[in-house]
Structures are given as structure tokens and as C-alpha cells.
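Structure at a glance
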Protein chains: 2
Amino acid sequence: MTKPRRGRRPAGSGTREAIINAARQQFGEFGYRRTTLRGVARIAGVDPRLVLHYFGSKKQLFLESVELPIDSDTLLAHLFEPGPGSIGERAAEMLVGILEDPTTQRVIVGLIRAAASEPEAAQLVREILTERILTPLAESVGGDHPELRASLMATQVVGLAMGRHIVKLDPLATASRDQVVRAVAPVFEHYLTGSWVDDPS
Amino acid sequence: MTKPRRGRRPAGSGTREAIINAARQQFGEFGYRRTTLRGVARIAGVDPRLVLHYFGSKKQLFLESVELPIDSDTLLAHLFEPGPGSIGERAAEMLVGILEDPTTQRVIVGLIRAAASEPEAAQLVREILTERILTPLAESVGGDHPELRASLMATQVVGLAMGRHIVKLDPLATASRDQVVRAVAPVFEHYLTGSWVDDPS
């Protein structure tokens, strides 16, 4: 497995990462269904069998490639650090920042593209965005109905990614990061802490 | 052109509408790129040449099939009718209602799916959602920077359609219409009338 092939990257250090990077690029550009393990291998410069060896299946490769290079514990710790700013402002700073960062932006754009047209990918978005990140956030803030709050947060995060980075609506696409944070911070504050939940019980 | 073909719908009354309905279904299911004039013709039960005759091109067929069965003048008149409710509540009632209605929902879901992965369709969404509907709305409300407000409104409309009707995030997907209106009305109010625009001039 470690013998180099013509022009291809040998197995070992860096290979897994190269495959993940290639997968992010391909899923981001072509969505889930039209991305092939062969195409990913070609971009990564590895033998297609190595992709299978490392990841086992396209679904697993997708799941691992959309692991955001952020973890919710770090995010939450940052959100609750002592300092100025409401929880909505901090969440907005963080989420708008995540959407601006080229690596995370590519992952999120890929996820949204795939989720828009492919039910398998939609299921993965539900797991990743709401269950792993936004529901823990809403739970930590301590409001009632954290899942409903998290799913509404998700609508604004996904909508912002679509409007600013995919569809590129003007002038939102070219607005400064500060402007966008100012615009969406009160929305996150409202979804996380507002008393709008209509509880029939 | 009017001679019926085997099992196919003849040209004339109802044909154009049948093609439009078939196009909405196909664009909604397959997106812009993977929808073919031949496939639309098959669903509509007409000769593929009739589709070309009526619409000239796939792009034109798309544009005409995503004409929402609502017009912005009617929407605006309704929004400014005398009666109770803030502008945000009325906009939320209207937009959530449009997303619930099966016909408009199918059109909007088709638009968003296509826009998520296809730059041609993204351009069309910019024209339809923001230029034709949301910017006139923001202008009528009279705030500064109507285009920025409209594009932020669009992020919430698109995010809501994604979360509630495409990705189907729980419990948002099953929340009552009233609950969703209560949740998003203050967001529309904020985007339309809030004083958050950071004007450097």
C-alpha cells in the first residue's frame, strides 16, 4: 500500500487529509449524488482503492468531510466567556465568522447544496447543524423548547449562507461582516431567548 | 399543430398550462440542470416540439414556470390594508402562508433547490424573490437601504423554506402555522423597520 504510483500520492501521512480536502471540494461543487469516489481520488491524487480503504463508503466519506473544523464545546465555551455583548451578538459574531472562513464556508455550502436536493444529505444536515451544534447551544442558553429554537436558528444560518455565499444577493453579499453581525444578532437573540414560544400546555 | 398525436394532448387551450405544471413538477424534483424539455413534454403529455413552440428555451420555460401565482401589487395592498397587526406580523402571515400553499410551495422549493447548486438559477432567484417581491415591499415600508433589508428578508424566507419544507427540521417542520408566524414576525419587523443599518456616510 505504501508503494508510490505514477504521480499519485502514497498512502500514509497526509493522505487521509488530502482525501478529506478533495471530498469537501467535490461535495461542495457537485453535491452528494454527483460526487464519485473516483473523482475524489483523482483530485486527491490517490488510488481510488485508498479512498475506500480509509472511508469504506461515500456516505462515510461525506460524514467525515463535513465534520466542521470547529467543535460545539469550544463554541459554547467561547459564547459564555465573561465579557461584553449579548448572547445574540456573540452567536452572530461566531456564526457569521464561521460562514466567512474559507474552510468552514466550503463545508457549509457543500452541505446546504446537497441538502437542498438530496434527502440523504438533508438528514445529515439535521444531525450536524441542529443536533450537534444549535440544540446544545439553545440548551445552554437555558430557554424552553431548545429544539424549536435551534431549528429556527438553523433557518437563519442556512438562509444567510444561501443569501450571502451561494445565491449572492446584493448588497448582502458585499456587506461588511460587522454590518451582517449587527443585522442578525437581534434575530439570534430573539430565537434563543425570546418569549414567543406558544406553549399550549 | 392541432392534430392530436397518439395519447398526447393536442395544442391549444390548456396545453400551455399543462406544460407549466409539468415544468414546475420537474424543476422542483430535479432542479434546473437535470430537467429536460423532453421530460417536461412527457409529463405534460404533449409533443416536445410544442414546448419549444410555446417557450422557446429551457430558461424561458423556467422563468415562466416560477412566476409565482401571486403578484407583488396584491401582496403589498394586503400588507397595507387598515387593521390590526404590525407590518412584521402581516409580512410573516403572508410569507408563511405562501410557503404553506401547495402550489407556491412547490414553486419556491423548486427555485431554492435549483439556486442552491446552479448559478443560472441563482440569478433567477435574485430577480424574482428580491427584485420583484421583497425590494418593492421594503421600499413601500419606507426604511432606508431597501435592497439590504430585502436581501435579509430573503435569507429568512429562504431559510424557513429550507428548514420547514425541504430539510424538514424537527420540530419546526411540524410546528403550527401560528407558532411559526409568532416566531418570525419580529424578525421581519426587525429587517424591514429596525435601525440596525450601519451607514458609514
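Bear in mind the structure is a predicted one, so any value in this text is a computation, not a measurement. (Residues numbered from 1 in each chain as written. Chains lettered and ligands numbered in written order. Predicted model: local features only at pLDDT ≥ 70, side-chain atom pairs only at ≥ 80, totals over all residues. Heavy atoms only, no water.)

Further remarks concern the relation of the copies chain A and chain B. Under the fitted operation, chain A is carried onto chain B by 0.0 Å of movement along the axis and a turn of 180°, and the coordinates agree to an RMSD of 0.1 Å. Such values leave the two copies arranged in the relation of a two-fold axis. Distance from the rotation axis, computed per C-alpha, reaches its smallest value in chain A at A:Gly159: 1.9 Å. Interface residue correspondence from chain A to chain B reaches 100%, placing this contact among same-surface, isologous pairings. (Least-squares fit on C-alpha atoms with pLDDT ≥ 70 in both. Contact = heavy atoms within 4.5 Å.)

Across the contact, 43 residues belong to chain A and 43 residues belong to chain B. Carbon and sulfur atoms make up 63% of the surface buried where chain A meets chain B, a total of about 3,600 Å² over both sides. Counting across the interface, chain A meets chain B through zero salt bridges. Elements represented by at least two residues in the side of chain A that touches chain B include exactly α1 (15–34), α7 (102–117), α8 (119–141), α9 (146–166) and α10 (177–193) of chain A. Looking at the side of chain A that touches chain B, the element that brings in the most residues is α9(A), giving 13 residues. Of the residues in the side of chain A that touches chain B, the class split is 24 nonpolar, 10 polar and nine charged. (Buried area = accessible area lost by both parts, 1.4 Å probe. Salt bridge = Lys/Arg side-chain N within 4 Å of Asp/Glu carboxyl O. Helix = DSSP H or I, 4+ residues; strand = E, 2+ residues; numbered from the N terminus. Nonpolar A, V, L, I, M, F, W, Y, C, P; charged D, E, K, R; others polar.)

Judged by side-chain charge, A:Arg33, A:Arg34, B:Arg33 and B:Arg34 come together as a positively charged surface patch. Checked against the element boundaries, B:Arg33 lands in the loop between α1 (15–30) and α2 (37–44). (Patch = residues over 30% accessible without salt bridge, like charges linked within 9 Å, V, L, I, M, F, W, Y side chains within 5 Å. Areas by Shrake-Rupley, 256 points an atom, 1.4 Å probe, with all protein chains shown as cover. Lys, Arg positive; Asp, Glu negative; His and termini not counted. Charge placed at Lys NZ, Arg CZ, Asp CG, Glu CD.)

In this fold, B:Arg90 is placed in helix α6 (residues 87–100). Notably, B:Arg90 is buried but unbridged: the nearest opposite-charge side chain belongs to B:Glu81, and the N-O separation is 5.3 Å. (Buried < 20%, exposed > 50% of the residue type's maximum accessible area, 1.4 Å probe, protein only.)

What follows concerns the packing of α1(B) against helix α3 (residues 48–55) of chain B. Residues and elements named next belong to chain B. One can describe the packing of α1 onto α3 by two numbers: an axis separation of 11 Å at closest approach and a directional angle of 100°. Looking at the two axes, α1 sits roughly perpendicular to α3. Only Leu-50, Val-51, Tyr-54 and Phe-55 of α3 make contact with α1, whose side of the interface consists of Thr-15, Arg-16, Ile-19 and Ile-20. Across the contact of α1 with α3, the residue classes break down as six nonpolar, one polar and one charged. (Axes fitted to C-alpha atoms, helices over the stretch in contact; angles between N-to-C directions. Parallel < 35°, antiparallel > 145°, perpendicular 65-115°, else oblique.)

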